[in-house]
Each structure stands twice: as structure tokens, then as C-alpha cells.
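Reading the structure
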Amino acid sequence: MIKIAAVSFTVLLVLALGAYGLVMWEGSSARENAPALEASIAQRLLHYTVPGDFRAMKNPLDTSAGSADVEAGHRVYTEKCEICHAYEGGGKTEIGSGEYPRPPNLRAADVQGMSDGELFYHFKMGIRHTGMPAWTLPDRTLWQVAAYLRHLPTVAALSPQLAAGQASASSSAHYVGSAACKDCHTDIYDRWKKTRMANVVTDPKVHPEVIIPDFTKADPPLTFKEEDVALVYGSKWKQRYFKQVGADYFVFPAQWDVTHKKWREYFVKNGSDWWAPLYPPDNMQRPTGPLCDGCHSVNYDIETKQVTEWNVGCEECHGPGSDHVKQQGKPNIINPAKLNYVQANDTCIQCHSQGQPLTNPIKGKYYDWPVGFHMGKQLVDFWRLEDHKLGELSFTHFPDGTAHKNRMQGNDFVQSLMYTRGVTCFSCHDAHGTDNNAMLIKPVGEICSTCHGPNTQNGPHAPSIEAHTHHAANSPGSECVACHMPKIEQTIADVNVRAHTFKFITPSQSEAMKIPNACNLCHTDKTTAWATDALKGWGDRSPWRMALGGPAERPSDAVK
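Presented here is a report on the structure given in the accompanying data block. (Residues numbered from 1 in each chain as written. Predicted model: local features only at pLDDT ≥ 70, side-chain atom pairs only at ≥ 80, totals over all residues. Heavy atoms only, no water.)

Counting secondary structure elements, the protein chain contains 22 helices and 12 strands. Here the C-alpha coordinates of the protein chain stretch approximately 115 × 75 × 45 Å along the principal axes. In the protein chain, which comprises 560 residues, the proportion classed as buried is 43%. Contacts in the protein chain between residues at least 24 apart in sequence constitute 57% of all its contacts with a sequence separation of at least 6. (Helix = DSSP H or I, 4+ residues; strand = E, 2+ residues; numbered from the N terminus. Buried < 20%, exposed > 50% of the residue type's maximum accessible area, 1.4 Å probe, protein only. Contact = heavy atoms within 4.5 Å.)

Two side chains that carry opposite charge are able to pair once their charged atoms sit near each other. Inspection of the entire model under this criterion finds 13 salt bridges. A salt bridge links R150 to D116, with the nearest nitrogen and oxygen atoms 2.9 Å apart. Residue R150 is located in the loop between α7 (139-149) and α8 (160-169), and its partner D116 is located in helix α6 (residues 116-125); the two are separated by 34 residues in the primary sequence. Its relative accessible area of 27% is what places R150 among the partly exposed residues. For the salt bridge of D139 with K124, the shortest nitrogen-to-oxygen distance reads 2.7 Å. (Salt bridge = Lys/Arg side-chain N within 4 Å of Asp/Glu carboxyl O.)

On the surface, a cluster of negative charge is contributed by D214, E226, E227 and D228. Tracing the backbone through its elements, the reader meets E226 in the loop between β1 (201-202) and β2 (231-233). Under the relative-accessibility criterion, E226 is labelled partly exposed at 35%. (Patch = residues over 30% accessible without salt bridge, like charges linked within 9 Å, V, L, I, M, F, W, Y side chains within 5 Å. Areas by Shrake-Rupley, 256 points an atom, 1.4 Å probe, with all protein chains shown as cover. Lys, Arg positive; Asp, Glu negative; His and termini not counted. Charge placed at Lys NZ, Arg CZ, Asp CG, Glu CD.)

Before going further, it helps to spend a moment on the packing of aromatic side chains. The final tally for this structure, using the stated rule, is 23 aromatic pairs. The interplanar angle of 50° and the centroid separation of 5.3 Å between the aromatic rings of Y77 and Y148 together place this pair among those described as tilted. Of this pair, Y77 sits in helix α4 (residues 68-85) while Y148 is found in helix α7, placing the two residues 71 residues apart along the sequence. Taken together, a centroid distance of 5.6 Å and an interplanar angle of 85° make the contact between F413 and Y419 edge-to-face. The two residues F413 and Y419 agree in class, both being buried. Through a chain of ring-to-ring contacts, the aromatic side chains of F215, F224, Y241, F252, W256 and W263 assemble into a single cluster. (Phe/Tyr/Trp six-rings, centres within 6.5 Å; stacked < 30°, edge-to-face > 60°.)

This part is about the nonpolar core. In terms of nonpolar packing, the biggest core is built from 24 residues, with Y77, L106, L119, F123, L149 and L152 touching the most fellow members. When residues of this core are traced back to their parent elements, those giving at least two are α4, α6 and α7. Not counting the four nearest positions on each side in its chain, L119 is found in contact with V111, M114, A146, L149 and R150. By size, the runner-up hydrophobic cluster in this structure holds 16 residues, among which are F242, V251, Y266 and Y279. (Core = buried A, V, L, I, M, F, W, Y, C linked by side-chain atoms within 4.5 Å.)

At a minimum axis distance of 9 Å, the contact between α6 and α7 shows a crossing angle of 125°. Between α6 and α7, the angle falls in the class oblique. The handedness of the crossing between α6 and α7 is right-handed. Of the residues in α7, those touching α6 at D116, G117, L119, F120, F123 and K124 are D139, L142, W143, V145, A146 and L149. Taken together, the residues of the contact of α6 with α7 break down into 8 nonpolar, 1 polar and 3 charged. (Axes fitted to C-alpha atoms, helices over the stretch in contact; angles between N-to-C directions. Parallel < 35°, antiparallel > 145°, perpendicular 65-115°, else oblique. Left-handed = near helix turned anticlockwise from the far one by under 90°. Nonpolar A, V, L, I, M, F, W, Y, C, P; charged D, E, K, R; others polar.)

Right, let's get into α4. The first and last C-alpha atoms of α4 sit only 22 Å apart over 18 residues, clearly below the 26 Å expected at 1.5 Å per residue. Along its length, α4 reaches its greatest deviation from straightness, about 50°, at T78. Along α4, 13 of the 18 residues are buried, which leaves the element largely enclosed by surrounding structure. Looking at the residues trailing α4, positive phi occurs at A86, about 75°. (Expected span 1.5 Å × (residues − 1). Bend = angle between axes of the 7 residues up to and from the residue.)

Taken as a whole, the second largest pocket spans an internal volume of roughly 650 Å³. As for the second largest pocket, its lining consists of 26 residues, of which G445, E446, S449, P454 and I465 are closest to the centre. Elements with a contribution of two residues or more to the lining of the second largest pocket: α4, α16 (465-469) and α17 (480-484). Here the element with the most residues in the lining of the second largest pocket is α4; it accounts for 5 residues. Across the lining of the second largest pocket, the residue classes break down as 9 nonpolar, 11 polar and 6 charged. (1 Å grid on protein atoms, 1.4 Å probe; cavity = no way out; pocket = protein on both sides within 12 Å on 5 of 7 lines; lining within 4 Å. Points joined across faces, edges and corners; volume = space filled by probe spheres on them.)

The next subject is the state of the cysteines. Under the defined criterion, the tally for this structure stands at 1 disulfide. Of the cysteine sulfurs around C181, a residue in no disulfide, the closest is that of C314, at 3.9 Å. C181 sits in the buried class, given a relative accessible area of 19%. You can see C522 has no disulfide; the closest cysteine sulfur is in C483, sitting 7.4 Å from it. Given a relative accessible area of 52%, C522 falls into the exposed group. (Disulfide = S-S within 2.5 Å.)

Next comes the structure, spelled out in C-alpha cells:
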């Protein structure tokens, strides 16, 4: 018995000393990352600490994207979880980076591989020795959060190595056309086929219903006949008509204003685009190949003037797909969601921007699209955005650098804080098609709250949306896009599209630089002075920021 006691005491002493040594060696600091072995063991143990009956549970709520339960879970996540896990679940926050162990990436396989019941159990019971608390919330609310975790917003990867790997995988492939994608990606193909991306250029002989106006009614700008039209462009804001001469196409000198239902002349004058003085002042001597077709088709060949397909097909965004089709879905094709945020956004910026090729002219012709670029390459090697000097009004920009014409979404976006933080175009838009305007992933009244909520890390820093906007809830003035994405960029006549800098343009900037502001776009019967005075009553706004761009105050006023 004495020997057993001595051995037991020795073992306990060794264990105690070992534990003491481990604590002293590791210290109490939470700054170090958990060793890989510790993290792996902890993950396995975590799985088995959840009772089997919980692991087998299925979420009883509607977990489909955009459902009321998912949206409710999002609101709770924003309020309770975002401070540690970040809005997209990556855990890269100030508090999260100081916890031990670090908050897991909620998009990672370890978490997404958990059953619904496991997620619910961890929300309800918490996780000992971590920063994960046990939430004292109704079970339904916890299930709603579990549902939302399956739909965390996508942010492009930041790995140049991953992007380079995708690029090399597609370097030997050739174009095969969107129809080759249909069998394996039927749902996505069917959605895309209904979008304007897939129908921006249409052959009216195949689809006569595409033509909106009545060509039989005489009108001064209308100098051509319906049977002369080889291709039709557009249907949302304007519709233009192309004439074919050999392998070239030319735009007729009249376009249909869809909003106002009237014919308008179409001719690009000197001073309204950089290339205008470089081409004869005649639409029939301005071929669409150099000026338009590179963005309205897939794989436009400047030598043969042939395309793989008209419209923005799958390979415009994913790169040549022959290897992917041949090897039956092997991941050897560009996936923009896995590119770093610069290359990911270039997927859209290649066409949604005003600029010029780095080398121009090309074989005697001036091109208005990035000749030679395709996904897998670096857009900056082929394309430079239109220059702008602050303080000057140019044919593309207001004096502050905000665009004032369409096709400038990319020029705007690269200036924005959203771009700087790694947000991508497809964080908000789904080019495969949705039921929402502008192919938004959610309705316009909900899209911004995917990442932004009252009193959250991303703001707005106010107790409610209406407290931030100073407008009634659910009113036009409380829509985020009304103030941060005003419609100030012309597409035709007085029809404008939204800016993408996400800056709030103050009324004082309108006074100083003649830039339209959101306040007076809605309150058309009021002056900028009225709007400036109104903002002075908003105590949660910086008076100096609201006066930005306005007349300097007298020194005597500044010290009052």
C-alpha cells in the first residue's frame, strides 16, 4: 500500500509539475496561435462532446437563401457574433485576433461540416475555454443563426498563389461557348440565359420580339427600316440598332429611349468620348468591332472579326473552358470567387469601366476595350482607366472624381473603401441572374444590411437605420442606396444610373463643384442651401465633413 501510495504521489507530482511547467512555458498570453496539434485534438474532442441526439438534429426552419428565418438569423449574427467573427465569418476582427484560441473561420470545412444540431448545441451551451459564450436566447433564434451561417457573404480570396494556379490551369484551353456548360450547370445556365448579360445583343430575325419601337411610325431621327437591322443592342434604358457590312457592324444614327418611349439621335460627338475625334464624323465609318464588340461578345478576334458567341457568356468571366469540359468538371477553370479581390473585380471592370488599351492604335485602329485580355491574365497589363485630375470636370468625371456617365462602375468602385476592404462586385451582384433589379443577390432594401447594421463594426453607428438616415423607416430616404449610390451617371437623356463610390456627396459639394447630391435629387423643390441647413441639425454628422467643399468660413465664425 505504501509503495502504491508513493507511486501515485509521484505520478500526481509529475503531472502537476508538468501542468505547471506547461502553463509557465505558455504563460497566460492569448497572443500566440494554438499549436496545430492542439487545434486538431480540440476539434476532434469538440465533435464528441456534443451528445448524439443533438448531432442528429436537423434545422426545423426554412434555411433557403433569403428566407425570413435566414434574414432573422443574420440580424442576430450582426448584433451578437460579428464583433468576433467579422461580417463574412472569417474572424479577422480586432477582438477576434486577440482571443485564444482564435475564432474559427465560419466558412471553413470544419465548421460548415458540422451538423445543424452541432451548431445549435454550441450556440446554446457555449464552448468552454474559448471566447464562445452560451447564448441565453430562444431556441428558434438559435436555429435562425444556424440557418444564416450556411449563407455567409462571399469575399474573394486574398491569395495570389491561388489566382496564379487558376491562371496556369487555363493557359492551354480554348473557347467552346456557353452551351457547353449547360449539361453540368443546368440551374445556373437556365438563370443566366434569362439575364440581360445573355441577351444584350440579339438577332431580330431570330427573335423579332426583341425590337421595342414601332418602325412603321415615321419620326425625324428614324432614317432606316426594321429590315435593315442585323443586330439589336440593349433593352433596359436604350435600344440601338446595328447594320452589317461584310464582317463589320455599324450603329444606325437613331436609338430608342425606353424610359420616355421616343426616338433620339445617336452620334458620339467630339468631347464626349476620347476616341470621337479619331474616327470620321459618320456612324457608318465607325465600326463596332474596335469600339463595342469586345465587351458585347466572347472572344472577339480582331483579325477575323468573328466571335465565339455574342453576349456576355460563361467564358467571359471564367476564361476558356475546353479543358474543363473535356475533363468533365475538373476544377481547372477560373473561378472569380477564388481570385484575390483585385483580379476578382477585374472580371467586371474589364467592361464596366471607361479607359483605353495600353497600346493604341492597334494595327491602325483605335480600340475602346482591353484587347488581348481574358480571365487568367492581369487586366492592368492591357487596360488603363480613364485619367482624371481632381477639380476638373471631364467627359467622364465630376471634379471630385465621381463619374457622371454610364459604364463607369469600375472607375468609381476602385476609389471606394469597399474595394479597399476586399469587397467584390459579386458580393452584391450575381451575374448568373436573380429576380432582383441589377441582378442583386438580395432586394435593394436588404442588400446593404448583409454587411452593415446599426451599431455594428461596419456601421452605421446609430441605434437604428432611421436614426442614421433621419428619415422614416422603410421610406425612400432610408434606403442606403439613396444617399450612398445616388443616380447621377447618365445613360441616356435624363435617365441616370447609380454611382459606385459609396461616398455621401454633400450639398456644399454641389455648391462648390456642381456635383449632384442625394438630398436635392429627392427634394427637387428645395435648394442646396436648404439641404445644408437641414444637415446642420443632424447632431450625429461631422459639421466639418458636411461643409466639405463649401465656402470657407470667416475666422471669426470658426472660433464662435
